[in-house]
Amino acid sequence: MRISRHVFGAALAAWAVAILLVRSAAAEDAFFDIPLADLKITSGELPKPNRKFHFQAGWNAMVPDVTLDGEGEAYLDVPDQSFWNFQTLQNDFSQGHLFIRAPEKRDVAGRMGLPTDDMSGMNLVKFDVPATAAKKLAEEGFYLAKAHHYVELGQQRFPGGAWFRHQVQTADQKLEELDPQRHGNGTAIPSGWVVPPDPTDAYDLFSGGQAISENLQLDRQLQSSPDVGDRSIDIGTLTGITVDKIDWKPLLKDASPKLDPLAKLIPADQHVLFFPSFAAATKFADESSADDTLLWKMARPHSEDAGIRQRYEQQLGLSLSDVGRMVGQATVKSVALTGSDPYFPTGTDVAVLLETDHPDALATALAVQIGSYAGQHAGVLPESGEMSGVNYKFFRSPDRAICSYIAALNGAVVVTNSPKQLERLAQVGQKSESISSLDEYKFFRTRYPLGDKDETAFLFISDPTIRRWCSPQWRIASARRIYVASLLAELTATHAAELESQNAQPSKIHPDFAPADVGDLTLSGAGINSSIYGTLAWMTPIVEMPVDKISRSEADGYNQWRQGYENNWRWKFDPIALRIGVADSKLSGDLTVMPLVFGSEYRDFVNISRGTKIQPDAGDRHADLAHLIVALNTKSEQMRGWSNMASALSPQAHIDLLGWLGSSVAMYVDDSPVWKKLHDMQPEERQNFFDDGGWSQLPIALQAEVSSPLKLAGFLTGVRAVIEQTAPGMTQWESLTYKDQPYVRVKATERGRHSLGEAANVALYYAPTGDSLIVSLNEEVLKQALDRQAAREAAGTKSSNDKGGGTKAVDAKTPDAKAADPSLADLPWLGENVCFHVDRKMFEVLNNSGVGVLLDFDSLTDSALQMRAWGNIPILNEWKRLFPSEDPVKVHQRLWHTQLICPGGGQYVWNDEWKTMESTVYGHPGQSKQRPSMSAALAQFQSANFGLTFEEHGLRGRLELNRSPNHSK
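Thresholds applied
For every chain, the first residue of the written sequence is number 1, and numbering continues from 1 along that sequence. Given that the model is predicted, a residue must reach a pLDDT of at least 70 before its local features are reported, and side-chain atom pairs must reach 80 or more before they are shown or counted; all residues, however, enter totals for whole chains, interfaces and linings. As a rule here, side-chain values cover all heavy atoms of the structure and leave hydrogens and water aside. Numbering of helices and strands runs from the N terminus; a helix is a DSSP stretch of H or I covering at least four residues, while a strand is a stretch of E covering at least two. Note on contacts: a residue pair qualifies if any of its non-hydrogen atoms lie within 4.5 Å across the two residues. Every accessible area reported is derived by Shrake-Rupley at a probe size of 1.4 Å, with residue values counting cover from the shown protein chains alone. Note on exposure labels: buried denotes an accessible area under 20% of the residue type's maximum, exposed denotes more than 50%, and partly exposed covers the range between, all computed with a 1.4 Å probe on protein chains only. Each Phe, Tyr or Trp ring, with Trp reduced to its six-membered ring, pairs with another whose centre is within 6.5 Å; inter-plane angles below 30 degrees give stacked pairs, above 60 give edge-to-face pairs, and intermediate values give tilted ones. By the convention used here, strands pair only if DSSP detects at least 2 bridges between them. Working note: the arc is built from the helix axis to C-beta atom directions. Surface patches are defined over residues having more than 30% relative accessible area and no salt bridge, joining like charges when they lie within 9 Å and nonpolar side chains (Val, Leu, Ile, Met, Phe, Trp, Tyr) when within 5 Å. When a carboxyl oxygen of Asp or Glu lies within 4 Å of a side-chain nitrogen of Lys or Arg, that pair is called a salt bridge. Inter-axis angles, ranging from 0 to 180 degrees, are taken between N-to-C directions of lines fitted to C-alpha atoms, where helices are fitted over the stretch in contact. Per-residue confidence from the predictor is reported as pLDDT, which spans 0 to 100. The term polar contact refers here to a pair of N or O atoms within 3.5 Å; inside protein, the definition further demands a hydrogen-donor-capable atom paired with an acceptor-capable atom, and it admits residues adjacent in sequence only when both atoms are side-chain atoms.

1. Some remarks on the overall build of the chain
Okay, so step 1: When helices and strands are tallied, the chain shows 29 helices and 38 strands.
Okay, so step 2: Excluding contacts between residues fewer than 6 apart, the proportion of contacts in the chain whose partners are at least 24 apart in sequence is 71%.
Okay, so step 3: Carbon and sulfur atoms form 52% of the exposed surface of the chain, whose accessible area is close to 43800 Å².

In structure tokens:
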């Protein structure tokens, strides 16, 4: 019996081992390499080569994708891997391969989303693959295809870049395991991934936002090695910015402006946002935090929300609304927000100062309120301290999710998330200067007087602030922090499964590639934490990171950065100020940047327009959709250069480009039935319309002011002579009349029609008048301009005989003055050199007619929001594949502390037919939904008005966003 038991036990053990071996064999991954030409397609078809591209919004988000029914993953390998770029439509999908990894050898079914033949959308292609097609040799091709796929996703700048890079790295590791000789020759992440440039952001250009970006260059990082093995160089040996500052005394003269009361408490080398009252602070906060905020969505349409304001309010344990409920608005006179740097998304020190007559009482009340909130978090207890003669209380959790220091200062209370920031505030007036001591601050408060009814907030960035941001300490500390952030992101991707389980036990991790100064790295349910640098949610502020010793690589990197930065400055180096107004009827901004960098994108405008001004009634002011006007200084070097080029084209014609030109040139877009016609067309019809020369029907005109009608006649004669000399017999010039007003039509002759092809039916119309030259490809638009010109002359509103070619005010009460639109009284030219105004309907036109894509203004339309919405889908699909029972949006937020949002206001849901996430507003690239005629943000405003003035070495930009009458807050 005993033997039989032993035999039975051995047999049972052997049986169990056999089962495990069978299961292990069954669980071994199976790999497939299927030529697409041989793939069994059960539904749909492959795209054909030599396809014709149509300018369809969102085309570059149409990433070919493969999903399997059940577990596993699959990737395409098609000749010319960048196959969703419109330049590469010649590739032949039938020459590609489908690579599959399944958890076992079995029949596989799935579906592919592939671009349509004209790239106007995507087709769903379903397929079946038999188990017998599996082969071990397909493993290498699978990981190569996988690496290529994620490299391409990373190059598109979609959210999820850290995960895509991690996937490339893991694929490379597999390839090296398969072939150790491959080391260094795999598909490693390219150094400096190719990033497609963003479309021209007209909002940034006309509002002056581009000037801030150019001057600060905060996104321009040091080119230094992350190697920290040899940090023996004293950072004090490095030279910081040496560009001179402006002497403000001559500009200030005897001015003695009223200053913000809290300015005396702010360090001179910190940025600050002043609010003249508590009510103004809450109004600004409400505007900037709304989900459909017009100001922020117009400035930068986004598909990610880091919840910055909410995160800092939670960290401080306080919000302005809490203060309002506690003490009322009367107790707090004014508010200021300050800090050492603007790196809010990754982590910075912030301080809120509240001006009050009772600082001790308010500090005590705030400590009680913050303590009540902090007490809801385990392990957070109240503590006290003293710093530079200032007593304070604080609450702080180990992960810094709660971090709040409260102290009473001279006439104010401060709440900050950094002990170093509290120390800097306490030392103002003792060891450091305040903002109120700066002449540049006084100059800007002269330009933007405190107490102006239109001011809701005033932002000031001083010269010392910018110099500190450009210092060796700040730039090198920032570079180190960025490197550690990328390390934390990589570790987050590596441990994504553990972190998502939310059951990860705290444990130390020791990656081979961590720098020595990163401290202890800990994995817990809250994420990856560095004892020195913090977490991806809250990185240690730079002001708390002393940098004394640096490496040679860091020193060389900073010196190279400083040289490149200083090369942009040929004169002086100084500050930035911005006044912001928030009202029920409009949002406004008034920005001054002094000076502009030498290589500014505004340089062309500066070169042709500085030295002259746009007159109040310049241009053809009427109820158009968009109107751009630029001042012209005909004596400028740039203008004279163009004139010389024109003369050189035909010396015999004696073309004088400058003699007849006035002080401005304008271009405008009118309303027209053609926009409705384009809206009703299908994409292919619309493309054919433009291909056949239909763009000549667009209601667009150019108007140039004329200083000398006689010289204009000579110029036109010369231009005609040049054309007839270079293309004899190709054009026909006809003198026509409309309501006793002459104009000219230039069209192709019969001979010219054979050469011009698609443009054969296009004609050019121009009309020289007493004070302007009007040019258009649309005859009706030119006639309407002549009607307005006649109405102005009849009303006596504009006359070329006025002294200096000036203008009189438009009399809106004159019945015949059709151009005297009363609504234009609210849209004055806001600048002296470049002005632009646009009606809300212009965005509808760009959105619905296809013209936005054609003119590369797609970023200004709702299709830009669609593109951003679709850009979230690849990473959401990754989370859905890995964690099928979880909400992918919540998974992403837990891992990366950022919420992926649909910029059109929709939600992300699962489409089971296509096996993909989609937006409830925009759908997905394979099944687009009808976009709204206008995004929620744009629907809030009636018109936008922009103006730029180029001052001596600087820029002043103004903008007004006028809300729709039915807008409600």
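2. Points about helix α28 (residues 873–882)
Okay, so step 1: Counted residue by residue, α28 has seven buried out of 10 residues, so it is predominantly covered.
Okay, so step 2: Where α28 is concerned, the buried positions are I873, P874, I875, L876, N877, E878 and W879.

3. Quick notes on the packing of aromatic side chains
Okay, so step 1: Scanning the entire structure with this criterion turns up 27 aromatic pairs.
Okay, so step 2: Considering the side-chain rings of W733 and Y766, the 6.4 Å spacing of their centres and the 70° angle between planes classify their relative orientation as edge-to-face. Remark: Y766 occurs in strand β29 (residues 764–768) and W733 occurs in strand β27 (residues 731–738); sequence separation between them is 33 residues. The same class applies to W733 as to Y766, namely buried.

4. A short note on the pairing of strand β34 (residues 916–919)
Okay, so step 1: A two-sided burial pattern is seen for β34, the buried positions comprising T916 and E918 on one face and M917 and S919 on the other.
Okay, so step 2: Here strand β33 (residues 908–911) pairs with β34 via four bridges, running antiparallel. Counted as the bridge partner of V909 is E918 from β34.
Okay, so step 3: Hairpin connection, β33 to β34: the antiparallel pair is bridged by four residues, and K915 has positive phi, about 55°.

5. Side note on helix α21 (residues 683–691)
Okay, so step 1: Taken residue by residue, α21 has R686, Q687, F689 and F690 as its buried positions. Buried residues of α21 fall within an arc of 155° about the axis and therefore sit on the same side.
Okay, so step 2: Looking at the residues trailing α21, positive phi occurs at G693, about 90°.

6. Considerations on a nonpolar patch on the surface
Okay, so step 1: A cluster of nonpolar side chains, W695, L764 and L777, forms an exposed patch at the surface whose accessible area comes to about 230 Å².
Okay, so step 2: For L764, the location among the structural elements is in strand β29.
Okay, so step 3: A residue is classified by how much of its surface remains accessible, and L764, at 34% relative accessible area, is partly exposed.

7. Thoughts on the pattern of salt bridges
Okay, so step 1: Under the definition given, this model contains 42 salt bridges.
Okay, so step 2: Linking D463 and R467 is a salt bridge whose minimum nitrogen-to-oxygen distance equals 2.6 Å. Linking D463 with R467, this pair stays in helix α14 (residues 463–469), spanning four residues, or about one helical turn. With respect to class, D463 is no different from R467; both count as buried.
Okay, so step 3: A salt bridge links R745 to E734; the nearest nitrogen and oxygen atoms lie 3.0 Å apart. In this pair, R745 is assigned in strand β28 (residues 741–748) and E734 in strand β27, connecting sequence segments 11 residues apart.
Okay, so step 4: For E734, a relative accessible area of 17% gives the class buried.
Okay, so step 5: A single network of salt bridges, built from pairs that share partners, joins D260, R445, D452, E455 and R579.

8. Here we look at the sheet that holds strand β5 (residues 97–102)
Okay, so step 1: What the three strands build is an open sheet, ordered β1-β5-β4; its pairing is antiparallel. Each of the sheet's edge strands pairs with one partner strand only, and the pair in question is β1 (30–35) and β4 (73–77). Ignoring which end each strand starts from, the neighbouring axes of this sheet average 15° apart.
Okay, so step 2: Examined bridge by bridge, β1 and β5 share six bridges and lie antiparallel to one another.

9. Considering the environment of L625
Okay, so step 1: By the secondary structure assignment, L625 is in the loop between α18 (603–609) and β24 (626–631).
Okay, so step 2: Taking the C-alpha atoms as reference points, L625 and K841, 216 residues apart in sequence, are found 6.5 Å from one another.
Okay, so step 3: Among residues more than four places away in sequence, those in contact with L625 are V669, D670, D671, W675, H837, V838, D839, K841, M842 and V845.

10. Let's talk about the sheet that holds strand β20 (residues 527–530)
Where strands meet in a sheet, backbone hydrogen bonds hold them as pairs that are either parallel or antiparallel.
Okay, so step 1: The antiparallel open sheet is built from three strands, whose spatial order is β18-β19-β20. Edge strands, defined here as strands with exactly one partner in the open sheet, are β18 (507–508) and β20.
Okay, so step 2: Across two bridges, the pairing between β18 and strand β19 (residues 521–524) is antiparallel. Note that in β19 the partner of K508 across the bridge is T522.

11. A word on the confidence of the model for the chain
Okay, so step 1: This prediction gives the chain a mean pLDDT of 80; 78% of its residues lie at or above 70.
Okay, so step 2: The spread of mean pLDDT over the elements of the chain runs between helix α1 (residues 2–27), the lowest at 36, and strand β16 (residues 412–416), the highest at 97.
Okay, so step 3: Across residues 82–90 the pLDDT falls below 50, and counting only partners more than four positions away or on other chains, this stretch makes 29 contacts in the model.
Okay, so step 4: Taken as a whole, residues 186–216 scores under 50 in pLDDT and shows 89 contacts with residues more than four places along the chain or in a different chain.

12. Here we look at the pairing of strand β30 (residues 772–776)
Okay, so step 1: Where burial is concerned, most of β30 is hidden: four out of the five residues are buried.
Okay, so step 2: Both strand β26 (residues 700–706) and β30 contribute to a ladder of five bridges, which runs antiparallel. If you follow A701 over to β30, its bridge partner there is S776.
Okay, so step 3: Bridge count between β29 and β30: four bridges; the pairing is antiparallel. If you follow A767 over to β30, its bridge partner there is I774.
Okay, so step 4: Hairpin connection between β29 and β30: a loop of three residues separates the two successive antiparallel strands.

13. A look at the environment of K146
Okay, so step 1: By secondary structure assignment, the location of K146 is in helix α2 (residues 138–155).
Okay, so step 2: Taking the C-alpha atoms as reference points, K146 and V168, separated by 22 residues in sequence, lie 7.3 Å from one another.

14. Some thoughts on the environment of T920
Okay, so step 1: Relative to the helices and strands, T920 resides in the loop between β34 and β35 (923–924).
Okay, so step 2: What makes T920 partly exposed here is its relative accessible area of 36%.
Okay, so step 3: Non-local contacts of T920, meaning those with residues more than four positions away in its chain, are made with G906, Q907, V909 and K929.
Okay, so step 4: There is a polar contact of 2.8 Å between the side chain of T920 and the backbone nitrogen of Q907.

15. Details of unusual backbone geometry
Okay, so step 1: Look at R157: it is not a glycine, yet its phi comes out positive at around 60°.
Okay, so step 2: Topologically, R157 is positioned in the loop between α2 and α3 (161–178).
Okay, so step 3: Given the relative accessible area of 53%, R157 is considered exposed.
Okay, so step 4: Of note in this structure, R400 is not a glycine but carries a positive phi near 70°.
Okay, so step 5: As for its position among the elements, R400 is in the loop between β14 (390–396) and β15 (403–409).

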